[in-house]
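Each chain, written out:
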Amino acid sequence: MVMSMSLSARTAAAVGLSVAALGLGTAVPATAAPAHAGYVAKSADSDAGKAFFQAVLKSVAEKRAANPRAAAVTVTYDASAAPTFSAEISRSTQIWNSSVSNVKLQEGSNADFTYREGNDSRGSYASTDGHGKGYIFLDYAQNKEYDSTRVTAHETGHVLGLPDHYEGPCSELMSGGGPGPSCTNSQPDANEKAKVDQLWANGFAAAMDKALEKAGR
């Protein structure tokens, strides 16, 4: 009977459907090379966004396994290595926290991902090494050419599970640099908000099941 399915089976089936529907697929293997999801198409890697999301999902779930009754799913970040963009990071956090309900971003210790800054010919990007370590790199030059809050919120969208969609209009946050430097929209649209909430309802439940099994609970 369907009613007799375990929580693991139900949530695993649910996340399988939602992840497949969103085109995120499975996580990049632990042996994968570093992957980058850039703000502009020239530096994009189609595997980077999903790898980063899976890494953060795993990190959050394993920490929460120690306290499964916690009231909310919180993704913690460390912005100490990107002081130039502290205002943009804070604004990006506010944007996402007011846009979705199933996950919240919070600055703190024992971070699930970090922000960094500097100069890179690839521009800004979200990166993971395939071993559970992820960070968002904010490039100085690109953040002068493009709206910096949009760049930051876009890259943070990868942390929450959204892929790039450069062909989209300016109203789509994940269209990134596709619409050009004149686009200053830093808000996710309704579809992007719904996708994030769907992923963190179904995907996180499945990740939690695995984390609790690993912890022997």
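Our structure's up above, just so we're on the same page.
A brief look at the structure comes next. The written sequence of each chain sets the order in which its residues are numbered from 1. Note on the predicted model: pLDDT of at least 70 is required for a residue's local features to be given, and 80 or more for side-chain atom pairs to be given and counted; whole-chain, interface and lining totals, by contrast, use all residues. Side-chain descriptors were evaluated using all non-hydrogen atoms of the structure, hydrogens and water having been removed beforehand.

This brings us to the overall build of the protein chain. A helix here means a DSSP run of H or I that spans at least four residues, while a strand means a run of E at least two residues long, and both kinds are numbered starting from the N terminus. Within the protein chain one finds six helices and six strands. The helix and strand sequence of the protein chain, counted from the amino end, reads α-β-α-β-α-β-β-β-β-α-α-α. In the protein chain, buried positions account for 49% of the 217 residues. For the protein chain, the exposed area adds up to about 10000 Å²; of that, 53% sits on carbon and sulfur atoms. Only protein chains enter the calculation, and the probe is 1.4 Å; a residue is then buried if its accessible area is under 20% of its type maximum, exposed if over 50%, and partly exposed in between. Here the accessible surface of atoms and residues is derived via Shrake-Rupley with a 1.4 Å probe, and residues count as covered only by protein chains that are part of the display.

What follows deals with the state of the cysteines. Any two cysteine sulfur atoms lying within 2.5 Å of each other are counted as a disulfide. All chains considered together, the criterion is met by one disulfide. The disulfide partner of Cys170 is Cys183, and the gap between their sulfur atoms is 2.0 Å. Between Cys170 and Cys183, the disulfide has an S-S torsion of 85° and is therefore right-handed. Of this pair, Cys170 sits in the loop between helix H5 (148-159) and helix H6 (190-215) while Cys183 is found in the loop between H5 and H6, placing the two residues 13 residues apart along the sequence.

Helical geometry: 3.6 residues make up each α-helical turn, so side chains three or four residues apart lie on a common side. Expected span of a helix, by definition, is 1.5 Å for each gap between consecutive residues, and there is one gap fewer than residues. Helix length check: H5, at 12 residues, gives a terminal C-alpha distance of 17 Å against a target of 16 Å (1.5 Å per residue), a fit within 8%. Of all 12 residues that make up H5, 12 are buried, and the element is covered over most of its length. If you check the start of H5, you find a side-chain oxygen 3.4 Å away from the backbone N of Thr149, and it comes from Asp147. Polar contacts here mean pairs of N or O atoms no more than 3.5 Å apart (in protein, one a potential hydrogen donor and the other a potential acceptor; neighbouring residues in sequence count only if both atoms are side-chain atoms).

The next point concerns the nonpolar core. Grouped together as the largest cluster of nonpolar side chains are 33 residues, with contacts concentrated most on Val75, Trp96, Phe113, Tyr115 and Trp200. Contributions of two or more residues to this core are made by helix H2 (48-64), strand S2 (74-81), helix H3 (86-99), strand S4 (113-118), strand S6 (134-139), H5 and H6. Among the elements that take part in this core, H2 stands out by supplying four residues, more than any other. Throughout, nonpolar core names a set of buried Ala, Val, Leu, Ile, Met, Phe, Trp, Tyr and Cys residues whose side chains join them through atoms within 4.5 Å.

Turning next to the pattern of salt bridges. The rule for a salt bridge is simple: a side-chain nitrogen of Lys or Arg has to be within 4 Å of a carboxyl oxygen of Asp or Glu. Across all of its chains, the model carries one salt bridge by this definition. Of the charged contacts, one joins Arg122 and Asp120 as a salt bridge, the two residues approaching to 2.9 Å between their closest N and O atoms. By relative accessible area, which is 32% here, Arg122 ends up partly exposed.

For the rest of this paragraph, the subject is the side chain of Glu192. Positionally, Glu192 belongs in helix H6. Among buried Asp, Glu, Lys and Arg side chains, Glu192 stands out as unpaired, with Lys195 the closest opposite charge at 7.1 Å. Side-chain polar atoms of Glu192 contact the backbone nitrogen of Asp189, separated by 2.8 Å. For Glu192, the residues in contact, after removing those within four places along its chain, are Leu162, Glu172, Leu173 and Met174. In summary, the charge assignment counts Lys and Arg as positive and Asp and Glu as negative, without counting His or the chain termini. Working rule for contacts: check all heavy atoms of both residues, and any pair within 4.5 Å makes them a contact.

With that out of the way, let us pick up H3. If you check H3, its first and last C-alpha atoms are 20 Å apart, about what 14 residues at 1.5 Å a residue would give, namely 20 Å. Of all the positions in H3, only Glu88, Ile89, Ser92, Thr93, Ile95, Trp96 and Ser99 are classed as buried. End-on, the buried residues of H3 take up no more than an arc of 160°, which puts them together on one face. Across from the buried face of H3, at angles greater than 90 degrees, the exposed residues are Ala87 and Ser98. In this description, the arc belongs to the directions extending from the helix axis to the C-beta atoms.

Read these as layout, nothing more, since geometry by itself doesn't imply function.
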